[in-house]
Amino acid sequence: MSKPQKKYLVTGGAGYVGSVVAAHLLEAGHAVTVLDDLSTGFREGVPAGAEFIEGRIQDAAKWLDPSYDGVLHFAAYSQVGESVVDPEKYWVNNVGGSVALLAAMRDAGVRTLVFSSTAATYGEPVTTPITESDATAPTNPYGATKLAVDHMITGEAAAHGLAAVSLRYFNVAGAYGSCGERHSPESHLIPLVLQVALGQRESISVYGDDYPTPDGTCVRDYIHVADLAEAHLLALDAATAGEHLICNLGNGNGFSVREVIETVREVTGHPVPETAAPRRAGDPAVLVASATTARERLGWTPSRADLTGIVSDAWTFARREEPTTP
Ligand SMILES: NC(=O)c1ccc[n+]([C@@H]2O[C@H](COP(=O)([O-])OP(=O)(O)OC[C@H]3O[C@@H](n4cnc5c(N)ncnc54)[C@H](O)[C@@H]3O)[C@@H](O)[C@H]2O)c1
């Protein structure tokens, strides 16, 4: 067997996005160690071929050593609603954990980092599509903790020469083989609508149908998780010592809530009853990414922007799951 090209630590690699990226790294011939405390992830989600450490990023110093070429950092809590009612949980884990991870990287001489940031760092959009130079004003503690980590990374790159890329994902969707989305509680639209199609949920709530959008429902930018994974591999190559590069990741094309529901009906062939609900506070009408920086600096081009394909892959994954209680 040929020697692995590089060796990476993937924090949160038992979760949705981390497991898909770990699978892509392995397919590219790299050696992968997943560090995950299984707080929201699943042991069986870790792709075959990856070494698995059940542990917390807060203790990363126990395992990080100079044999690693870099870290891809997905481990975090990411439920917006929960972060509003229990902000401390988010500051302690997302920020405290990242402080410990950055220190462990510095001590071990591991100098390349790709971090999962989020569109939630921007808050209410000032322009559409959103660019990386737009103001960051998160409207919830989850987004604030992610922005705080971005600021920390900027300082780390300037002070200690870290080569860092933050990828600000918009709405990640779809699945990659046996790796797919299963948050608990689920808060993302596509898996929620699929639960209705599977009969696990009675109806899908449509929060507001009087927004200034073509059909009155909110528009979001859905990006296929495999396209997202490819951006991570490109980010590892693009990372430059002393620089913190920040890139939005989205398709630049939004789809409305109603378009998503209609696509789920078409793909699954199942009825999907809707329930009209009032607007939710803090839900912007349109959230769409400008991914120009990712295209220019990473050479990234998403190739799975079609909503039907995204929903089809998510549907294939949802049907292989055990039924869950909504
Ligand atoms: N899914 C999305 O649409 C989306 C959008 C924007 C940003 N993100 C970010 O991407 C990352 C991955 O998101 P996801 O949807 O895969 O979430 P996920 O919950 O499926 O995965 C997160 C993983 O991190 C692990 N984890 C949490 N805290 C940990 C700790 N202290 N130590 C070790 N492991 C820990 C969990 O067990 C889980 O496996 C997160 O950082 C999230 O903020 C996700």
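Anyway, here's the lowdown on the structure attached to this text. (Residues numbered from 1 in each chain as written. Predicted model: local features only at pLDDT ≥ 70, side-chain atom pairs only at ≥ 80, totals over all residues. Heavy atoms only, no water.)

### As for the pattern of salt bridges
The condition is simple: We define a salt bridge as a contact between a side-chain nitrogen of Lys or Arg and a carboxyl oxygen of Asp or Glu at a distance within 4 Å. Segments assigned H or I by DSSP are reported as helices when at least four residues long, segments assigned E as strands when at least two residues long, and all are numbered from the N terminus.
Scanning all chains against the criterion turns up 13 salt bridges. Linking R258 and E274 is a salt bridge whose minimum nitrogen-to-oxygen distance equals 3.1 Å. One end of the pair, R258, is in helix α7 (residues 257-268); the other, E274, is in strand β12 (residues 274-277), with 16 residues separating them in the sequence. A cluster of three or more residues bridged by salt bridges with shared partners is formed by R258, E262, R265 and E274.

### Side note on the environment of R304
To keep things clear, this is the line we draw: Any two residues whose heavy atoms approach within 4.5 Å at even a single point are treated as in contact. Counted as a polar contact is a pair of N or O atoms within 3.5 Å, where, for protein atoms, one must be capable of donating a hydrogen and the other of accepting one, and residues adjacent in sequence contribute only when both atoms are in side chains.
Take R304: it is sitting in the loop between α8 (292-298) and α9 (307-320). In this view, R304 contacts H224, A226, D227, E230 and I310; residues no more than four positions away in its chain are not counted. Reaching out from R304, the side chain makes a polar contact with the side chain of D227 at a distance of 2.5 Å.

### Observations regarding the sheet that holds strand β4 (residues 70-73)
Quick reminder of the rule: At least two DSSP bridges between two strands are needed for those strands to be called paired. Axis definition: a line fit to C-alpha positions, over the contact stretch in the case of helices; interaxial angles, taken between N-to-C directions, run 0 to 180 degrees.
Strand order in this open sheet of seven strands is β3-β2-β1-β4-β5-β6-β10, and the pairing throughout is parallel. Of all strands in the sheet, those bounded by a partner on one side alone are β3 (51-54) and β10 (244-249). Strand-to-strand, the axes of this sheet are offset by a mean angle of 20°, without reference to chain direction. Relative to strand β2 (residues 31-36), strand β1 (residues 7-11) runs parallel, the two being bridged by five bridges. For V10, the partnering residue across the bridge sits in β2 and is V34. Running at roughly 165° to β2, helix α1 (residues 16-27) makes contact with β1, β2, β4 and β6 (163-169) of the sheet. Helix α6 (residues 225-238) rests against β1, β4, β5 (112-118), β6 and β10 of the sheet, and its axis sits at about 165° to β6.

### Quick look at the nonpolar core
To be explicit about the condition: Throughout, nonpolar core names a set of buried Ala, Val, Leu, Ile, Met, Phe, Trp, Tyr and Cys residues whose side chains join them through atoms within 4.5 Å. Three exposure classes are used, based on accessible area relative to the maximum for each residue type with a 1.4 Å probe and protein chains only: buried under 20%, partly exposed in between, and exposed over 50%.
Grouped together as the largest cluster of nonpolar side chains are 39 residues, with contacts concentrated most on L72, L167, L249 and L298. Once residues lying within four places of it in the same chain are set aside, the contact partners of L298 are L167, A231, L234, A235, A238, L245, C247 and T293. One finds L189, V193, V257 and I310 within the second-largest nonpolar core, a separate group that totals 26 residues.

### Focus: unusual backbone geometry
P129 follows T128 through a cis peptide bond whose omega is -5°. In this fold, P129 is placed in the loop between β5 and α4 (141-160). Along the chain, S184 connects to P185 via a cis peptide bond; the corresponding omega equals 0°. As for its position among the elements, P185 is in the loop between β7 (171-173) and α5 (189-197).

### So, empty space enclosed by the protein
Using the following cut-off: Whether a set of points on the 1 Å grid over the protein atoms alone is a cavity depends on a 1.4 Å probe fitting there but being unable to get out, while an open set qualifies as a pocket with protein on both sides within 12 Å along at least five of seven lines; lining residues are those with an atom within 4 Å of a point. Grid points are joined across faces, edges and corners, and a volume is the space filled by probe spheres set on the points. Side-chain classes are defined by residue name, with Ala, Val, Leu, Ile, Met, Phe, Trp, Tyr, Cys and Pro counting as nonpolar, Asp, Glu, Lys and Arg as charged, and the others, Gly among them, as polar.
Taken as a whole and assessed by the stated rule, the structure comprises one cavity of 30 Å³ or more. Surrounding the largest cavity, L102, M105, R106, V110, R111, E156, H160, G161 and L162 form its lining. Listed by contribution, the elements that provide at least two residues to the lining of the largest cavity are α3 (87-108) and α4. The element that contributes the greatest number of residues to the lining of the largest cavity is α3, accounting for three residues. Taken together, the residues of the lining of the largest cavity break down into four nonpolar, two polar and three charged.

### With respect to α5
Note on helix geometry: an α-helix contains 3.6 residues per turn, so any two residues three or four positions apart are oriented the same way. Most of α5 is tucked away, with nine of its nine residues classed as buried. Three or more residues of α5 are buried, namely L189, I190, P191, L192, V193, L194, Q195, V196 and A197. On its buried side, α5 packs onto β7, β8 (204-207), β9 (219-224), α7 and α9. With its phi angle positive at about 80°, G199 sits one or two positions after the end of α5.

### Some thoughts on the site of the ligand
Applied cut-off: Note on terminology: near, applied to a residue and a molecule or strand, indicates that one of the residue's heavy atoms is within 4 Å of it. Per-residue and other accessible areas follow the Shrake-Rupley method at a 1.4 Å probe size, with only the shown protein chains counted as cover for residues.
Not every one of the 31 residues close to the ligand is listed here, only the nearest: D36, T40, N93, Y142 and K146. The side chain of H183 places a nitrogen or oxygen atom 2.8 Å from an oxygen atom of the ligand. Coverage of the ligand by the protein chains reaches 97% of its 830 Å² of free accessible surface. Counting residues per element, the ones that place at least two in the shell around the ligand are α1, β5 and α4. Broken down by element, the shell around the ligand gets its largest block of residues, three residues, from β5. Residues belonging to the shell around the ligand are distributed by class as follows: 13 nonpolar, 14 polar and four charged.

### Some details on α7
The condition that has to hold: In this scheme, a helix's expected span is set at 1.5 Å multiplied by one less than its residue total. The arc in question is the one spanned by the directions pointing from the helix axis to the C-beta atoms.
Helix length check: α7 (12 residues) gives 17 Å between terminal C-alpha atoms against 16 Å at 1.5 Å per residue, within 8%. For α7, the full list of buried residues reads V257, V260, I261, T263, V264 and T268. Down the axis of α7, the smallest arc covering the buried residues is 160°, so these residues share one side.

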